[in-house]
Amino acid sequence: MQYKLALIGFGNVGQGLAQILRDKHASLAQQFGADFTIVAVCDLLKGNVCDPNGLDPATLLDAVVSTGKIETVTAPHHGWDALRTIAESGADIVVELSYTDLKTGEPALTHLRAALNAGKHVVTTNKGPIALHYAELKKIAEAKGVEIGAEGTVMSGTPSMRLGLELLSAAGITCLQGIINGTTNYILTQMESGMTYADALSEAQAKGYAEADPTGDVEGYDAAGKAVILANLLMGAELSMNDVDRVGITGLTPQDITSAAASGERWKLIGKVEKANGQVTASVRPTRLPITHPLASVGGATNALTFTTDLLGDVTLIGPGAGRLETGYAILGDLLAIHRRFGK
Amino acid sequence: MHYKLSLIGFGNVARALAKLLLRKEDLLKQQGITFSFTGISTGRHGCAVNPNGLDIRKALELLENGQSISALTNHQSPITNSLEVIQHSQADVMFENSPVNKQTGQPALDHIRTALGLNMHAITANKGPVVYGYRELTALAESKGRKFKFESTVLGGAPIFSVFRETFPLAELISFKGILNATTNIILSRMEDGESFEDAVNYCQSIGVAETNPINDVDGWDAAIKVAALVTVLMDTPMTPQEVNPTGISGISPQMIAKAKAEGKRCKLVCSAEKIGDKVTASVAPQLVDSTSPLYGMMNSSTGVTFRTDVILDYSIIETEREGMLGGPVETAYGLFADFVNIAKTAAR
């Protein structure tokens, strides 16, 4: 079965997906009978290219390396904007990877609405539209009989959604809590080894973990967006960003860190979603954990999420929270889930 | 959709499963899933078959009073063994929970072959048939359009097999490392607090985690068969527990544990495997781990595994018991229950 993909956004993650499709195209066809062909790519900075007969992922990647653009790739159509690409590329699945905006969800929200309304499946790693407007998008998807894949929005390639859905289907999740922002965990880990907050932040920026304006990470907005996604997708809640009781890490002093260490504890920025009496509540706040706690030993930019159900012991998933190929694999997992459901 | 269920093996795990299904009956009904029990086979208390549905509460009661369940049978011919139960139960799903056989995987292998052959789904918590029949049984299930599921064989109810395969479809598992046996981990944790080996074993027996004869846990065989199952399924390389050749914890003295503790380390029964080319080497042996290891924090009944693949950075799944959790058979029963619900939901789509 062939699926035509339109990629909206061709930064790290889009290129990671292209790399996977370049390297694994044959084995995907052989093992799963799925042929994922890129027919269009549209990127704000790198331009647009569209060929309904398929674009070679290797050619796209080479073009980015040699020219920084994809416009140079030979194809019947160039210069389309994202909405025209979605409407006219002939894609069955739109992979939305534009930049994240946790205030409006745009421009991804408009892209996803357009794709779903046109009866196309969507897969996204973009937290904005999923955190802010999932209920509306889900409604359109259900009316049109198509799927929304969002595995990569939380913990990138570490399968938090898939594990959650598997557990959820039978056990019923009562609480989710974890380290869902790698940047702040990196900063806290460095502060524990004696670094100041400012130094740890600039190191995180130098390593590419933190952005030039770190507010989204350090004030807990990114984690809050993920908490909303977990609540709405895995617990059936309808929370918005304002419902999250949110405190960032900027108020933590080196004294706080050392005094916790002295009593055998560690500060972690914990995102938590809890269901009690049918009510789902969410919070993001610095929390002191005993070092024996499974989340306390998670250091650096690593992410972790603990699932509490009424039937099982707690299940904790630990893994990378970012990365080009990691997130690319999250998208591939969603693509194959669409194939499992519709490909017969 | 209605499912007729048969229970082959009716020990602690299967009885916990029956009770769990009864407890969740209304919830399942809301999701369009109903069930009845049409066959039960026990080790020492007879067999029962009734394609119109058995009285499961009565069966549980008889068993718990040590009585035979044979009188519950409503069938034209007498039913005397497990294979006859499978053949005459007309079940849609067969739960295989006979005792683990680490040498051959029998009789579980024959039970599952027979059930799949009769177009039943087969769900097991039994590691034997996974190790000795994974490829054959998976192919048979596929040819019949049925499922062979075994999530509860490793790490209780955490669905490590399906999550791995669905999330990293083309990934190659290069290595894994973890703690897979709760009994030995409890014993080592308690010895670290100064308890003797014998007292720690007695404790495990008193809470129902260890068997009357704890040798299977203590000598590393339970861990070895789990390693063999992970290698066989996720590394696609058949391996037996004998090839894992485990070293248990009976040689660990209180002095060794105290010395490790003084050095900031802990003694753990470490399970690992690594694939190099087409060759897999696996081991189960006590090792000292320091506080940078993900295994260091796994205390008491916590178990877990770290996976290394060719595609993404390492990821781990850890299961930790909560206060008040029953653990053991209930957790394993949950894994069987989840396999059933997943099959029923997939079929409903």
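What you are looking at is a predicted structure, and each value in this text was computed from that prediction instead of being measured. (Residues numbered from 1 in each chain as written. Chains lettered and ligands numbered in written order. Predicted model: local features only at pLDDT ≥ 70, side-chain atom pairs only at ≥ 80, totals over all residues. Heavy atoms only, no water.)

Q: If you had to explain the sheet that holds strand E5 (residues 93-96) of chain A to someone new, which residues and values would you point to?
A: All names here are of chain A. The mixed open sheet is built from seven strands, whose spatial order is E4-E3-E2-E1-E5-E6-E7. Pairing within the sheet leaves two strands with one partner each, and these edge strands are strand E4 (77-78) and strand E7 (148-149). Pairing of strand E6 (residues 121-124) with E7, which is carried by two bridges, proceeds in the parallel orientation. Within E7, the residue paired with Val-123 across the bridge is Gly-149. (Pairing = 2+ DSSP bridges. Helix = DSSP H or I, 4+ residues; strand = E, 2+ residues; numbered from the N terminus.)

Q: How would you explain the confidence of the model for chain B if you had to name every residue and give the values?
A: Where the model shows low pLDDT, its predicted coordinates should not be examined in detail. Looking at chain B, the pLDDT average stands at 92 and 98% of residues meet or exceed 70. Two summary scores accompany this predicted model of the complex, namely pTM at 0.91 and ipTM at 0.88. (pLDDT = per-residue confidence, 0-100.)

Q: Outline the packing of helix H1 (residues 12-32) of chain A against helix H12 (residues 324-342) of chain A, supporting the account with residue identities and numerical values.
A: A packed helix pair is summarised by two numbers, namely the angle formed by the two axes and the spacing between the axes. All names here are of chain A. At their nearest, the axes of H1 and H12 sit 8 Å apart, and the two run at 45° to each other. Put simply, H1 runs oblique to H12. Along this stretch, H1 crosses H12, giving a crossing that reads as right-handed. Across the interface between the two elements, Asn-12, Val-13, Gln-15, Gly-16, Leu-17, Gln-19, Ile-20, Lys-24, Leu-28 and Phe-32 of H1 pack against Arg-324, Leu-325, Thr-327, Gly-328, Tyr-329, Ile-331, Leu-332, Leu-335, Leu-336 and His-339 of H12. Among the residues forming the contact of H1 with H12, the class breakdown is eleven nonpolar, seven polar and two charged. (Axes fitted to C-alpha atoms, helices over the stretch in contact; angles between N-to-C directions. Parallel < 35°, antiparallel > 145°, perpendicular 65-115°, else oblique. Left-handed = near helix turned anticlockwise from the far one by under 90°. Contact = heavy atoms within 4.5 Å. Nonpolar A, V, L, I, M, F, W, Y, C, P; charged D, E, K, R; others polar.)

Q: How would you explain the pairing of strand E10 (residues 303-309) of chain B if you had to name every residue and give the values?
A: All names here are of chain B. Summarising burial for E10: six of the seven residues are buried, a large majority. Pairing of strand E7 (residues 173-179) with E10, which is carried by six bridges, proceeds in the antiparallel orientation. Each residue of the ladder has a partner; that of Lys-177, found in E10, is Thr-306. Connecting E10 to the antiparallel partner strand E11 (residues 315-320) that follows it, the hairpin turn spans five residues. (Buried < 20%, exposed > 50% of the residue type's maximum accessible area, 1.4 Å probe, protein only.)

Q: Hey, could you go over the sheet that holds strand E8 (residues 265-276) of chain B for me, with residue numbers and the actual values?
A: Each strand in a sheet pairs with its neighbour through backbone hydrogen bonds, running either in the same direction (parallel) or in the opposite one (antiparallel). What the eleven strands build is an open sheet, ordered E9(A)-E11(A)-E10(A)-E8(A)-E12(A)-E13(A)-E11(B)-E10(B)-E7(B)-E8(B)-E9(B); its pairing is mixed. The outermost strands of the open sheet, each flanked by one partner alone, are strand E9 (244-246) of chain A together with strand E9 (279-290) of chain B. Sheet twist, expressed as the average angle between the axes of neighbouring strands with direction ignored, equals 20°. When strand E8 (residues 173-179) of chain A meets strand E12 (residues 302-309) of chain A, the two strands line up antiparallel, connected through six bridges. Counted as the bridge partner of A:Leu176 is A:Phe307 from E12(A).

Q: Describe in detail the interface of chain A and chain B, supporting the description with residues and values.
A: Listed per partner, the contact involves 38 residues of chain A and 36 residues of chain B. Between chain A and chain B, roughly 3,300 Å² of surface is buried when both sides are summed, and carbon and sulfur atoms account for 62% of that area. Our enumeration of links across chain A and chain B arrives at one salt bridge. The partner of B:Asp310 in a salt bridge is A:Lys24, with the nearest N and O atoms 4.0 Å apart. Joining chain A to chain B, the criterion identifies five residue pairs in polar contact (both at pLDDT 80 or more). Those elements that provide at least two residues to the side of chain A that touches chain B are H1, helix H6 (160-171), E12, strand E13 (314-320) and H12 of chain A. Across the side of chain A that touches chain B, the residue classes break down as 18 nonpolar, twelve polar and eight charged. (Buried area = accessible area lost by both parts, 1.4 Å probe. Salt bridge = Lys/Arg side-chain N within 4 Å of Asp/Glu carboxyl O. Polar contact = N/O pair within 3.5 Å; in protein donor to acceptor, adjacent residues only side chain to side chain.)

Q: Which residues make up H1(A), and what are the values?
A: All names here are of chain A. The terminal C-alpha atoms of H1 lie 26 Å apart, and with 21 residues this falls more than 12% below the ideal 30 Å at 1.5 Å per residue. Here H1 has its buried residues at Gly-14, Gln-15, Gly-16, Leu-17, Ala-18, Gln-19, Ile-20, Leu-21, Lys-24 and Leu-28. Looking at the packing, one finds that the buried side of H1 touches strand E1 (2-8), strand E2 (35-43), helix H2 (57-67), E5 and H12. Of the residues flanking the end of H1, it is Gly-33, one or two places downstream, whose phi is positive at about 65°. (Expected span 1.5 Å × (residues − 1).)

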